[in-house]
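Spelled out from the first residue to the last, the chains are:
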Amino acid sequence: MAKKTRHAVKQVVAVKENASAAFFRAHYVKILLLVFIVYGFSLRAYHMDYVSIGLHNLKENQHLSEALNFYNKGISIHREVFFQSADKDIPYYEEYPQFPLIPYIGVVLWKIFGVSFWTMRLQIILFSLGTIPLSYAVTKKITGDEVLSLVTAGFMAIMPLNVFFGRNIQPESPCLFLLLVFYYYFIKWSEDSGVANALYVGISAALIGLLKLSFLVPTLAVLPLVPYSRTLDDIKSMHFRPYVGFLVILVLPLYIWITKLTNVNESLTEGSLHNIRPFDPFTLQYWQTNGATIMAFWQDNYSVPLGAAIFLGLLALLFVKKGRTRGFFLSYLGSFVVYMMIFSLYFYQHNYYQMPYVYLAAFSMAFAFHYLFTSIIKIRHLKYTSFLILLLSLYAVKDSTMRQYDRQFPGTDIAGEYIKSHTNSTDRFLVSASAQKLAVCYFAERFCFPLPAQEEDVKQFEKKFNSKYIFIYNNSLPEAMSRSSWDYVSKNYKIAEAGVIHSGAAQDASQGGGFAIAYLLLVKGGQFSTDILNGKTPVLKKYYEFSYANYPFYIIEP
């Protein structure tokens, strides 16, 4: 009886194991994609409700400014950014025709959940997570290989570039999502000329252009997939129905025309068109000057080992037989030449200008290992080793990601809150600080303008905008003091608040007695001197959270 019972139990266990194995085999793609999405969310949710003082906070605070002004003043086509156009009577940000979709969505979420950082970042995270299953779907459509498609999706989930900017408040992740939607439906349209597919292609292309024009360049990747003979036949027979959906793209020039008509300060493209230098990337000087910066971006964006895998994957594409896979991805790579001709200046200034090519990078990583395990080392089932490579990559990419998360600019929020509490809502103020420290303007909720070089310009700004504060971050103090206007500033402004940090390098009381100055906030009425800080005890204001420790920040209010 006991033997029969044990045998029956074994049979039940075996049936359950077989059922579990059968379920996994039937649904393993969905299971793995879900695992990638969940893990991807855990990487992107870091500091989701944290103050916007981190790396590339300029972009975050641009969209936060737009959203806050829409929230307070009502939805408008005109964008207002606290650190742009502050010398204008009507400080609209009109340099380029970007549709403010992220701020619009943010306002709706703020109306429901209240003003917060997490609601703004959540929408970016969701778009970024959407690129994971989309990258699988596009790769599967192009290559037909399930393992290669899954590994590509896995790299999209963990790649530092797609993680960090997959939660930073800026349009790169929504545009990447829309680019993959564009690819997917264009491939479908090329196969069946479906009217609905053409419509989705037109909508996604239009939205890409409205959000960020640079993401239209990699749409050139689909050129080898265009059914040219079928298209010519349709033109000859006047059969245009399959192409009607593409006309949605005309919304883009219409919007640009509307923004031009409604441009108040006549500043559309004035700060960007002259930066197009098409021949710079073909010069040795460009790479000698900017190569080190670009390689540093490369290391942060992908990590060293996976960055090398990208090159190997692209090289491997040259050895595969001609077909849709080779044609599409080499065309994608070819579009990068056009991209560099237009955006070469921005490419070495901002690492997020590599975002339009994140999918190419993820595929190249996956293809490098796929080619190794299927074409060089030809052993059955060895291609599944790519999943192990993906797993082993987690440590390297996490290190790169955390290095970006740990870049913060402490004190900018504190100084901004001080200015907000000591000024009227229509007042403006001056700043001497680099781009990342302009977060102070968002937290002040006041428009700010760079400290003019000439005394007369400072006086005019003071009179016109009731400006009585000057914010100076520590590394910009020498530049401020070198300006002709400093003589006037030093005789008419005193220190209202100093942000200070612990420093063993501090040598005297003017540095806070064992503390180093992080920023100075000057107020009109008095004379500038750091001696006023002597003997003052710094007061702990808050702790900033880093991955390795909490960082105390102090203030002195003389």
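Keep in mind it's a predicted model, so treat the numbers as computed, not measured.

Right, let's talk about the environment of Met341 for a bit. Note on placement: Met341 falls in helix H13 (residues 324–349). Through-space distance from the C-alpha of Met341 to that of Ser135 is 27 Å; in sequence the pair is 206 residues apart. Excluding residues that lie within four positions of it along the chain, Met341 makes contacts with Ile276, Arg277, Pro278, Pro281 and Phe282.

Here we take up the pattern of salt bridges. A full pass over the atoms with the stated rule returns 17 salt bridges. Linking Lys88 and Asp87 is a salt bridge whose minimum nitrogen-to-oxygen distance equals 3.7 Å. Classification of Lys88 as partly exposed rests on a relative accessible area of 27%. Where Asp487 meets Lys491, a salt bridge forms, and the shortest distance between an N and an O atom there is 3.4 Å. Of this pair, Asp487 and Lys491 both sit in helix H21 (residues 486–492), four residues apart, roughly one helical turn.

Since there are 3.6 residues in each turn of an α-helix, residues three or four apart along the chain are aligned in direction. Under the 1.5 Å per step criterion, the end-to-end length of helix H7 (residues 172–192) is 30 Å for 21 residues, consistent within 8% with the ideal 30 Å. Positive phi shows up at Ser193, right after H7, with a value of about 50°.

With that settled, consider the pairing of strand E3 (residues 469–473). Taking burial as the measure, the five residues of E3 include five buried ones, the bulk of the element. Of the two faces of E3, the one carrying Tyr469, Phe471 and Tyr473 and the one carrying Ile470 and Ile472 are both buried. Where E3 meets strand E5 (residues 515–524), five bridges bridge the pair, whose relative direction is antiparallel. The residue bridging Phe471 from the neighbouring strand is Leu521, located in E5.

Nonpolar side chains collect at one region of the surface, where Ile77, Leu254, Trp257, Ile258 and Leu261 lie side by side and expose about 470 Å² of accessible area between them. Considering the arrangement of structural elements, one finds Leu254 in helix H10 (residues 251–261).

Bringing the packing of aromatic side chains into the picture now. Tallied over the full model, the rule gives 58 aromatic pairs. Arranged with centres 6.1 Å apart and planes meeting at 50°, the rings of Phe471 and Tyr473 form a pair that is tilted. Looking at Phe471, the relative accessible area reads 0%, which means it is buried. On the basis of relative accessibility, which here comes to 8%, the residue Tyr473 falls in the buried class. The ring centre of Tyr96 lies 5.3 Å from the NZ or CZ of Arg79, which sits over that ring. Over the face of the ring belonging to Tyr71 we find Lys111, whose NZ or CZ atom lies 4.7 Å from the ring centre.

Taking strand neighbours across the sheet as the criterion, the seven strands line up as E2-E1-E3-E5-E4-E7-E6 in an open arrangement whose pairing is mixed. Looking at strand neighbours, the two that pair on one side only are strand E2 (447–450) and strand E6 (539–545), the edges of this open sheet. Across the sheet, the mean angle from the axis of one strand to that of its neighbour is 25°, orientation sign disregarded. Pairing between strand E1 (residues 428–432) and E3: three bridges, direction parallel.

Reading the values: the criteria
- The residue numbers shown here count from 1 along each chain, following its written sequence.
- Reporting in this predicted model follows two pLDDT cut-offs: at least 70 for local features of residues, and 80 or more for side-chain atom pairs to be given and counted; totals over whole chains, interfaces and linings ignore these cut-offs and use all residues.
- For side-chain calculations, the full set of non-hydrogen atoms in the structure is used, while hydrogens and water are omitted.
- Strands here mean DSSP runs of E at least two residues long; helices mean DSSP runs of H or I at least four residues long; both are numbered from the N terminus.
- Whether two residues are in contact is decided by their heavy atoms: any pair within 4.5 Å suffices.
- Think of a salt bridge as a Lys or Arg side-chain nitrogen and an Asp or Glu carboxyl oxygen that are within 4 Å of each other.
- Exposed residues in this analysis have more than 50% of their type's maximum accessible area, buried residues have under 20%, and partly exposed residues fall in between, with area computed by a 1.4 Å probe over protein chains only.
- A helix is expected to span 1.5 Å multiplied by its residue count minus one.
- Pairs of strands are assigned from DSSP output, requiring at least two bridges between the strands.
- Patch rule: a residue counts if its relative accessible area is over 30% and it has no salt bridge; like charges are joined within 9 Å, and nonpolar side chains (Val, Leu, Ile, Met, Phe, Trp, Tyr) within 5 Å.
- Under the convention used here, a 1.4 Å probe and the Shrake-Rupley method define accessible areas, while residue burial counts only the protein chains that appear.
- The pairing test for Phe, Tyr and Trp rings, Trp by its six-membered ring, is centres within 6.5 Å, and the orientation test on the planes gives stacked under 30 degrees, edge-to-face over 60, and tilted for anything in between.
- By definition, being over a ring means that NZ of Lys or CZ of Arg is both within 6 Å of the ring centre and within 35 degrees of the ring normal.
- Axis geometry follows a simple rule: fit a line to the C-alpha atoms, using only the stretch in contact for helices, then measure angles between N-to-C directions, giving values from 0 to 180 degrees.

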